[in-house]
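# Structural overview
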Amino acid sequence: MGTDVNVQPGHGKAGRQPTRQFLDTLSGHDDPGMFGRMFPTLEPLAVDDGPLHELADAMKDPVPGDPAGNNANVPAGFTYLGQFVDHDITLDLTSFGDKEADPMAVENFRTPALDLDSVYGLGPDGSRHLYARNSASDNGKTPGPKLLIGKTVNVDSITGDHRNDLPRSPEGFALIGDHRNDENLLVAQTHLAMLKFHNKVCDQLAASGKPPGEIFEEARRIVTWHYQWIVLHDFVERITEKGLVAKILEQGRRFYRFKKTPYMPVEFSAAVYRLGHSMVRQVYSHNRIFTPGPGGLTPATLDLLFRFTGLSGGIIGDLAPNPIQPPLPLPVLSSNWIIDWRRFYAVLPSNPPGVALNSSRKIDPFVVPQLHTLPGDGGSLPFRNLKRGVLLGLPSGQDVAKAMKIKNPLTPAEISKGSDGAVAKKHGLHEHTPLWYYILKEAEQRGSGERLGPVGATLLAEVFVGLVHGDHQSYLWVKGKNWKPTLPSQVPGEFTMADLLRFVGDISPIDGISTV
Ligand code: HEM
């Protein structure tokens, strides 16, 4: 079939995939190591490549620009927060030594956690290249507590001291804890917001008189706990159900269980959390220049957003000549590509005319055409997801729903709905449905495409709650479920991505808007 599903252009090659044989040796959720199964006793669903290809093709969004496919409940920034989170939990940079010692990751493995190791690496001592010089102490001989921020180069008369790119080596490679966050501009700018968030917290702590030697650890704790809160309450509850996290904390996790150490369930990594692929838009309004709106030069297509990163070589003019811009004098982002956050999160009560808030696409079985032809022989992402599910021996959606005792699982008639459903039915997949497809269909049929249905919502929320709970540095572990965010927020006791961006400032640097 010509597609090597072991090559991963989308999230780099870093995400490790366990083998089916390896998973078969695991005892389910008895602290299996890095990977495991939530439903170890369920039969795998075997499907041939032919039907998988046909189903994947039927998942091509026929009208990717149709406003009916927009998810008014989820601004587009969350798609890339979701990708940022994926990179935080699927590759653990703090444990390279352990990984080498134990390549199958059965023992000795640091667990998947929402701990921002993609931002902090091994900390100021272990990952010096990520940190700014410490000017406050030791004459700048030591790194930290602040993280490095990169500069942009002025184009289109957009001048000023723009510190709005990821820090980069002279070769243009991003100096960050996880290179996958330089894979497209939106995840890169999300990473940059996290760097600035940490630095702003450092400034606050310094201003409050915190001794310099204590600032880094305290800032890291504050940043990580607020980020964990955002993931659970602003992201997970937004795409599932308000109050679900508290309910799970109250009643306990029923399906994602471990004795001491969280593991990465394949039902989550190969199916449920790939829901993000259906949220991706083909075209964005990025800022006042790259927008389909009036006065814009050209829309920010997915293609351009992938081009303006270090991984594609697009910001390195001589490596990848591009249609929009002549080669830049330095391998850094050009100032006209700095994000306008008002277009990605509801940072203002309402945007001024001409500043459109991008919605993500609905969580449904449709994926924009661009992701059906990944660059570099990556093939079709929907096919890869379906095939990965088979390779990993995932059970059908129906079997999972039954094991979870879901009261109203999707019926074959519901799964057969639509042009995609007709193809599923043709191959009998409306009765035995690949888990990833089931989750998306369930969101379409039960959540109006705005949120997940019962199987998807429960599994997503349980895994995220478990990942935070099982991390002994997390707010849930250290302080318990009654901890509340401490940084300024619009609603007291809450903290959202919009709050984070307002706290950081730099709302739209190319418009000179720093605070709201
Ligand atoms: C922006 C465009 C994106 C592209 C081009 C992309 C591409 C890819 C590719 C090629 C893979 C590996 C497929 C395989 O062979 O198994 C993958 C895996 C994955 N993606 Fe994405 N992705 C994107 C966005 C997202 C988003 C927004 C999310 C979640 C919110 C997400 C979640 C995942 C997960 C959970 C995996 C499995 C990771 C692992 O097991 O290590 N992706 N993606």
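Residues numbered from 1 in each chain as written. Predicted model: local features only at pLDDT ≥ 70, side-chain atom pairs only at ≥ 80, totals over all residues. Heavy atoms only, no water.

### Description of the overall build of the chain
Counting its secondary structure elements, the chain contains 19 helices and nine strands. Within the span of the chain, comprising 516 residues, buried residues form 60% of the whole. Across the chain, the fraction of contacts at a sequence separation of at least 24, relative to all contacts at a separation of at least 6, is 71%. Of the accessible surface of the chain, which amounts to about 20,400 Å², a share of 53% is contributed by carbon and sulfur atoms. (Helix = DSSP H or I, 4+ residues; strand = E, 2+ residues; numbered from the N terminus. Buried < 20%, exposed > 50% of the residue type's maximum accessible area, 1.4 Å probe, protein only. Contact = heavy atoms within 4.5 Å. Areas by Shrake-Rupley, 256 points an atom, 1.4 Å probe, with all protein chains shown as cover.)

### Comments concerning the nonpolar core
With 141 residues, the main nonpolar core has Tyr-284, Leu-460 and Phe-464 as its most contacted residues. At 14 residues, the largest contribution of residues to this core is made by helix H8 (residues 212-239). Among all residues touching Leu-460, those that are not within four sequence positions of it are Val-236, Ile-239, Thr-240, Phe-268, Val-272, Tyr-273, Leu-275 and Leu-452. (Core = buried A, V, L, I, M, F, W, Y, C linked by side-chain atoms within 4.5 Å.)

### Some words on the packing of H8 against helix H17 (residues 454-469)
Closest axis-to-axis distance for the H8/H17 pair is 10 Å, and the angle between their directions is 175 degrees. The angle between H8 and H17 places the two elements in the roughly antiparallel class. On H17, the residues touching Gln-228, Val-231, Leu-232, Val-236 and Ile-239 of H8 are Leu-460, Ala-461, Phe-464, Val-465 and Val-468. Here the contact of H8 with H17 is composed, by residue class, of nine nonpolar, one polar and no charged. (Axes fitted to C-alpha atoms, helices over the stretch in contact; angles between N-to-C directions. Parallel < 35°, antiparallel > 145°, perpendicular 65-115°, else oblique. Nonpolar A, V, L, I, M, F, W, Y, C, P; charged D, E, K, R; others polar.)

### Let's talk about H17
The α-helix advances 3.6 residues per turn, and as a result positions three or four apart in sequence lie on the same side. Between its first and last C-alpha atoms H17 spans 22 Å; for 16 residues at 1.5 Å apiece the expected length is 22 Å, and the two agree. Most of H17 is tucked away, with 14 of its 16 residues classed as buried. (Expected span 1.5 Å × (residues − 1).)

### What to know about the side chain of Arg-253
With respect to the secondary-structure elements, Arg-253 resides in the loop between helix H9 (244-251) and strand S6 (264-265). A polar contact of 2.8 Å, which involves the side chain of Arg-253, links it to the backbone oxygen of Tyr-256. Sequence-distant contacts of Arg-253, that is, excluding residues within four places in its chain, are made with Ile-248, Phe-258, Glu-462, Val-465, Gly-466 and His-469. (Polar contact = N/O pair within 3.5 Å; in protein donor to acceptor, adjacent residues only side chain to side chain.)

### Brief notes about the confidence of the model for the chain
Predicted coordinates in areas of low pLDDT are best not read in detail. Averaged over the chain, the pLDDT score is 87; the fraction of residues at 70 or greater is 84%. Contacts of residues 92-110 to residues separated by more than four positions or lying in other chains number 38 contacts, the stretch itself having pLDDT below 50. For residues 316-321, every residue scores under 50 in pLDDT, and the model assigns this stretch 12 contacts once sequence neighbours within four places are set aside. (pLDDT = per-residue confidence, 0-100.)

### A look at the packing of aromatic side chains
This structure, assessed with the given rule, holds 22 aromatic pairs. Measuring from ring centre to ring centre gives 6.0 Å for Phe-39 and Phe-255, while their planes differ by 35 degrees; the resulting arrangement is tilted. Of this pair, Phe-39 sits in the loop between strand S2 (35-36) and helix H2 (49-58) while Phe-255 sits in the loop between H9 and S6, placing them 216 residues apart in sequence. Of the residues examined, Phe-255 reaches a relative accessible area of 9% and is grouped as buried. Between Phe-268 and Phe-464 the ring centres are 5.4 Å apart and the planes differ by 80 degrees, which places this aromatic pair in the edge-to-face class. Of this pair, Phe-268 sits in helix H10 (residues 266-269) while Phe-464 sits in helix H17, placing them 196 residues apart in sequence. One exposure class covers both Phe-268 and Phe-464, and it is buried. An aromatic cluster is built from Phe-78, Phe-235, Phe-268, Tyr-273, Trp-341, Tyr-345 and Phe-464, whose rings are joined through pairwise contacts. The cationic tip of Arg-221 hangs over the ring face of Trp-225; the distance from NZ or CZ to the ring centre is 4.5 Å. (Phe/Tyr/Trp six-rings, centres within 6.5 Å; stacked < 30°, edge-to-face > 60°. Lys NZ or Arg CZ within 6 Å of the ring centre and 35° of its normal.)

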